[in-house]
Amino acid sequence: MKNKQLIVSLSNELPQIFAVLIAFFIPFFPKIVPLVIALMIVSSVIQYKNLQYYQGFKFFAFLFVTFYFCYVLAMTYSDNTKEGWFDLEVKLSFLLIPLFFLFHGPLKYNYLRTLFTMYILGSV
């Protein structure tokens, strides 16, 4: 019973945990950030029943998704497709992270201090 409560509690904290991991690894070891983002997406797929739609993030998610699709549209006019596909792969976080927070909601305020602290620790 206690293990189930712990798992439910951790699953509710996943957006914050992944945000803190990303903040730490961006300056320290940026090659692991795509792995953390992939784990973030996989955890969302696994917990699809717990997802909620947060109306307040619709506009911001729309902006980032539109920005990414502008890149996709520009890619169709590019002569250098090899570099274009690589650029789309690099900018995939502009599509995935806003959609993640659209269904997981905002970061909790008390995690922002932890987020900044982990970014500073990763930089040091």
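Residues numbered from 1 in each chain as written. Predicted model: local features only at pLDDT ≥ 70, side-chain atom pairs only at ≥ 80, totals over all residues. Heavy atoms only, no water.

## Describing the packing of helix H2 (residues 14–28) against helix H3 (residues 33–46)
No. 1: The geometry of H2 relative to H3 is characterised by a closest axis approach of 9 Å and an angle of 170° between their N-to-C directions. Judged by the angle between their axes, H2 and H3 are roughly antiparallel. Contacts between H2 and H3 involve Leu14, Phe18, Leu21, Ile22, Phe25 and Ile26 from the first element and Val33, Val36, Ile37, Leu39, Met40 and Ser43 from the second.
No. 2: Along the lines of polarity and charge, the residues of the contact of H2 with H3 split into eleven nonpolar, one polar and no charged. (Axes fitted to C-alpha atoms, helices over the stretch in contact; angles between N-to-C directions. Helix = DSSP H or I, 4+ residues; strand = E, 2+ residues; numbered from the N terminus. Parallel < 35°, antiparallel > 145°, perpendicular 65-115°, else oblique. Contact = heavy atoms within 4.5 Å. Nonpolar A, V, L, I, M, F, W, Y, C, P; charged D, E, K, R; others polar.)

## Concerning the packing of aromatic side chains
Two aromatic rings, taken as a pair, are described by how far apart their centres are and by the angle between their planes.
No. 1: One pass over the structure, following the stated rule, counts six aromatic pairs.
No. 2: Taking 5.8 Å as the distance between ring centres and 70° as the angle between the ring planes, the aromatic pair formed by Phe59 and Phe60 counts as edge-to-face.
No. 3: Owing to a relative accessible area of 52%, Phe59 belongs among the exposed residues under this scheme.
No. 4: Ring geometry for Phe64 and Phe94: centres 6.0 Å apart, planes at 15°, overall stacked. Separated by 30 residues along the polypeptide, Phe64 in helix H4 (residues 58–76) and Phe94 in helix H6 (residues 93–104) bring together distant segments of the chain.
No. 5: Taken together, the ring pairs connect Phe64, Phe67, Tyr71 and Phe94 into an aromatic cluster. (Phe/Tyr/Trp six-rings, centres within 6.5 Å; stacked < 30°, edge-to-face > 60°. Buried < 20%, exposed > 50% of the residue type's maximum accessible area, 1.4 Å probe, protein only.)

## Thoughts on the side chain of Lys91
No. 1: In this fold, Lys91 is placed in the loop between helix H5 (81–90) and H6.
No. 2: By relative accessible area, which is 17% here, Lys91 ends up buried.
No. 3: Ignoring sequence-local partners within four residues, the contact set of Lys91 consists of Tyr68 and Tyr71.

## Some thoughts on the layout of surface pockets
No. 1: Volume-wise, the largest pocket comes out at about 280 Å³.
No. 2: What lines the largest pocket is Val33, Pro34, Ile37, Ala38, Ile41, Glu89, Val90, Leu92, Ser93 and Leu96.
No. 3: Broken down by element, the residue count for the lining of the largest pocket peaks at five residues, all from H3.
No. 4: Of the residues contributing to the lining of the largest pocket, the split by class is eight nonpolar, one polar and one charged. (1 Å grid on protein atoms, 1.4 Å probe; cavity = no way out; pocket = protein on both sides within 12 Å on 5 of 7 lines; lining within 4 Å. Points joined across faces, edges and corners; volume = space filled by probe spheres on them.)

## With respect to the nonpolar core
No. 1: If you look at the biggest cluster of nonpolar residues, it comprises 14 residues, and the most contacted ones within it are Phe18, Ile22 and Met40.
No. 2: Elements represented by at least two residues in this core include exactly H2, H3 and H6.
No. 3: The dominant element in this core, judged by the number of residues it contributes, is H2, at seven residues. (Core = buried A, V, L, I, M, F, W, Y, C linked by side-chain atoms within 4.5 Å.)

## Some remarks on H3
No. 1: Given a rise of 1.5 Å per residue, 14 residues ought to cover 20 Å, and the 20 Å separating the end C-alpha atoms of H3 matches this to within 8%.
No. 2: Listed in full, the buried residues belonging to H3 are Val33, Val36, Ile37, Met40, Ser43 and Ser44. Across the axial projection of H3, the buried residues extend over an arc of 120°, all falling on one side. Turned more than 90 degrees off the buried face of H3, the exposed positions are Pro34, Val45 and Ile46.
No. 3: Summarising the contacts, the buried residues of H3 are in contact with H2 and H6. (Expected span 1.5 Å × (residues − 1). Arc of directions from axis to C-beta.)

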